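In case you want the letters, here they are:
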Amino acid sequence: MRKCDVAVIGLGLMGSAALDALVTSGVDALGFDPLGAGANRGSSHGSCRIFRRFNFENPNYTALSDEAHAGWIRLQQEHGKTILTPTPVLEAGRPGSKMVAASRAAAITMGHPDPVLAAAEANRRFPAFDLPDDWDVVVQDGGAILRTEVVMEIIRARAGNRIIAQSAQFEPLHDGVSIRTATDAFFAERAILALGPWLGRALPKLGALLQVTRQAVGWFRPARPEAVELDRFPIFIVERGPNDVVYGFPNFEARGVKAAPHNHGPVVGPDDWDPPATDGELGPVSEALAALVPGAAGPIVDRDICLYTNTPAADRRPDSGEEFIIDRCPESRLIVCSACSGHGAKFAPAIGHRLARLATDPTFEAEPFFRLSRYSAFA
């Protein structure tokens, strides 16, 4: 039986970042995942995610963004590969948009210049857009395209033979965690569970708090290709209504404009990747592009599915329901990580550091808004 100090089960971006933080600090750690880096049915598949310095979802995200940004830059400098491609982030909504107001407030609170921009000026600066004159708009210049495929390749390479490329079954014991694969047995002092949509299946008590949703993503052949290139077109998030928010990327891969609904899709199970995304699911995105970003509108040329693991509002210390769960599981040597609503990728260096400390430093406690104790089932 092979022994280690910490096992990380699930090596998407969050689990990989935790394993990297452990190994870098000299901890004897092993990672388990049957899927290769970026596998198309893994939680962190795909080439990119949006990185925002100022996040409308939750004020707690701002400090995480700063910490994560420093981590991404450090990794980029160490390996000489582009991880963050700086790209403005345009957020727009109808007059009085709470989304735009929250993003603006997050920037101003941190002492940054007011990012507000008149809609007409935004249309001039980014010719692919046709935003109504009375819409609220902010443009933050600290955003970037996070190259997730590059990150996964780097971190997996750094871990080397510490990765066990097999499915792992675990059993909590009084003095550690027993782990079995098809060919081997392991014992870890502690285990980090970063299982994405499969976390609720592994821990049914926690599963009652998690909701997995199906998110369709599309690539659109732009009507004006020259207007949606990287240097002329921002990452964008446009809000036509409370349940009608669409985000997208420049055509930086010569694949088309990647765009998708920001709202949560239908509830599904962790293995429900089929059927493939349909044009019907992407209908609201097509409509939003035609109305607000006509330079990016066009036929759908490719499709994908993501599964988001969503965390509900707390019932003991109420929150907005957009927080992560990062905490020790009571009465066990398990540490759990659930990144809410697909936000986890951009924060991976910051969250990975916290997970590593939860597994190795008994005095460390995650911030209150991450703890399981905010739910009465774990109080």
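Look above for the structure.
Residues numbered from 1 in each chain as written. Predicted model: local features only at pLDDT ≥ 70, side-chain atom pairs only at ≥ 80, totals over all residues. Heavy atoms only, no water.

Draft legend 1. A look at the sheet that holds strand β4 (residues 84–86). Read across the sheet, three strands follow the order β3-β7-β4 without closing on themselves; strand pairing throughout is antiparallel. Each edge of the sheet is formed by a strand with only one pairing partner; in this case those strands are β3 (48–51) and β4. Along the sheet, successive strands turn relative to each other by an average axial angle of 25°, direction set aside. Pairing between β3 and strand β7 (residues 144–147): four bridges, direction antiparallel. Pairing of Arg 49 across the sheet is with Leu 146, part of β7. Along the sheet, helix α5 (residues 148–159) contacts β3 and β7; its crossing angle with β7, the most-contacted strand, is approximately 40°. (Pairing = 2+ DSSP bridges. Helix = DSSP H or I, 4+ residues; strand = E, 2+ residues; numbered from the N terminus. Axes fitted to C-alpha atoms, helices over the stretch in contact; angles between N-to-C directions. Contact = heavy atoms within 4.5 Å.)

Draft legend 2. Spatial organisation of the nonpolar core. Judged by nonpolar contacts, the single largest core of 46 residues is most densely connected at Trp 72, Ile 192 and Ile 351. For this core, the elements supplying multiple residues, two or more each, are β1 (2–9), α1 (13–24), α2 (61–79), β7, α5, β18 (334–338) and α9 (348–360). For this core, the element with the highest residue contribution is α9, accounting for seven residues. Core analysis: the second largest hydrophobic core is formed by 35 residues, Ala 277, Leu 289, Ala 296 and Ala 297 among them. (Core = buried A, V, L, I, M, F, W, Y, C linked by side-chain atoms within 4.5 Å. Buried < 20%, exposed > 50% of the residue type's maximum accessible area, 1.4 Å probe, protein only.)

Draft legend 3. Looking closely at unusual backbone geometry. Here Asp 274 and Pro 275 are connected by a cis peptide whose omega angle stands at 0°. You can see Pro 275 is positioned in the loop between β15 (257–261) and α8 (283–292). Non-glycine residue Ala 254 carries a positive phi angle of around 55°. Counting through the fold element by element, Ala 254 comes out in the loop between β14 (244–248) and β15. The class for Ala 254 is exposed, based on a relative accessible area of 71%. Phi at Glu 331 takes a positive value of approximately 55°, unusual for a residue other than glycine. Within the secondary structure layout, Glu 331 lies in the loop between β17 (325–328) and β18.

Draft legend 4. Molecular detail of the packing of α2 against α5. Direction vectors running N to C along α2 and α5 enclose 70°, while the axes themselves pass 12 Å from each other. The orientation of α2 with respect to α5, classified from their angle, is roughly perpendicular. Together, Trp 72, Leu 75, Glu 78 and His 79 of α2 and Val 151, Ile 154, Ile 155 and Arg 158 of α5 make up the contact between the two elements. (Parallel < 35°, antiparallel > 145°, perpendicular 65-115°, else oblique.)

Draft legend 5. How the structure looks around the side chain of Arg 374. Relative to the assigned elements, Arg 374 resides in the segment after α9. A distance of 3.1 Å separates the side chain of Arg 374 from the backbone oxygen of Arg 371, its partner in a polar contact. If near-sequence neighbours (up to four positions away) are discounted, Arg 374 is found in contact with Thr 311, Ala 314, Asp 315, Arg 316, Arg 317, Asp 319, Glu 323, Phe 324, Ile 325, Pro 368 and Phe 369. (Polar contact = N/O pair within 3.5 Å; in protein donor to acceptor, adjacent residues only side chain to side chain.)

Draft legend 6. Quick look at the sheet that holds strand β12 (residues 211–220). Taken in spatial order, the seven strands line up as β6-β5-β13-β14-β15-β12-β16 in an open sheet, and their pairing is mixed. For this open sheet the edge positions go to β6 (136–140) and β16 (300–310), each flanked by a neighbour on one side alone. Mean inter-strand twist for the sheet, computed between neighbouring axes without regard to direction, equals 20°. For strand β13 (residues 235–241) and β14, the ladder comprises five bridges, and the chain directions are antiparallel. Considered in β14, the bridge of Glu 239 is made with Val 245.

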